Amino acid sequence: MAERNDILKKIGEWLQPENFQDYCPNGLQVEGTSDIKTVISGVTASKALIEAAIEANADMILVHHGYFWKGEDQRIQGMKRERLKQLLDNDINLVAYHLPLDDHPEYGNNRQLADVLNIKNPRPLGGLVWEGELEEAMSPEKFGLHIARQLHREPLWVGDGPAAIKRVGWCTGAAQGFINTAMDAGLDAYISGEISEPTTHTARECGIHYYAAGHHATERYGVQALGKALVEEFGVTHKFIDCDNPV
């Protein structure tokens, strides 16, 4: 068992959320019990994840996508009411870290995705974008198959880049707009989660391959790494629950 505030303090030391200007509050979003035995992690604090956490008798839910985003309707009604009611009725803490979890050099989504895709020498390129190299150059088709095998989701591939891909850039989630950072660095390919209409034209006209590998699929790994770190630090029980999302 661990004390909630001790866990929050330690995560704060690791992720340093105060250094980020984010779109939502990082850290404790909904307060529950102070004694933590079981932590359930997931990508998004959806109703399905909350229900799975209730069934697992969880004391804390750790996610990348929590609540209270800038610009959203602040009224507690409908879907938001039902989610909050489930958390409060069951005394479950909701803890969320957005950009700090993308950026962390060990637990971050970008760093973890590099391991999953076996990208060598992963390092920050600029902003939230990372870069690295493949162990062996691959054709665009083969690289797409490699992403599909590792993420269990077929990516959408667009662009007109080199015949062989060696230098790769990436940023998980909805970071398609950062393709210009990868392009300016002369990379062969760029990976993110989503795609927008202009991204296709940029990739085709500027000589770079773009792989939209799924917002959910690319951001499953940071919370898992953070959850494992909490097990090692505090001896709590941790389980990642993957609530499938095709986007």
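Before any of the text, the structure's been laid out above.
Remember, it's a predicted structure, so these values are computed and weren't measured experimentally.

1. Brief notes about the sheet that holds strand β12 (residues 209-212)
Right, on to step 1. In spatial order, the strands read β7-β8-β10-β11-β12-β9; together these 6 strands make up an open sheet with mixed pairing. Each end of this open sheet is capped by a strand with a single partner; those strands are β7 (119-126) and β9 (156-159). Mean inter-strand twist for the sheet, computed between neighbouring axes without regard to direction, equals 25°.
Right, on to step 2. Two strands pair when backbone bridges link them, and strand β10 (residues 165-170) and strand β11 (residues 189-192) are joined in this way by 3 bridges, in the parallel orientation. Bridge pairing in β11 places Trp170 opposite Ile191.

2. Here we look at the packing of helix α2 (residues 47-55) against helix α3 (residues 78-89)
Right, on to step 1. Look at α2 against α3: their axes get within 10 Å of each other, and the N-to-C directions meet at 15°. Overall, the two elements α2 and α3 adopt an arrangement that is roughly parallel. Relative to α3, the crossing made by α2 is left-handed. In this structure, α2 uses Lys47, Ile50, Glu51 and Ile54 to contact α3, whose residues at the interface are Arg83, Gln86 and Leu87.
Right, on to step 2. Looking at the contact of α2 with α3, its residues break down into 3 nonpolar, 1 polar and 3 charged.

Conventions we followed
Residues numbered from 1 in each chain as written. Predicted model: local features only at pLDDT ≥ 70, side-chain atom pairs only at ≥ 80, totals over all residues. Heavy atoms only, no water. Pairing = 2+ DSSP bridges. Helix = DSSP H or I, 4+ residues; strand = E, 2+ residues; numbered from the N terminus. Axes fitted to C-alpha atoms, helices over the stretch in contact; angles between N-to-C directions. Parallel < 35°, antiparallel > 145°, perpendicular 65-115°, else oblique. Left-handed = near helix turned anticlockwise from the far one by under 90°. Contact = heavy atoms within 4.5 Å. Nonpolar A, V, L, I, M, F, W, Y, C, P; charged D, E, K, R; others polar.

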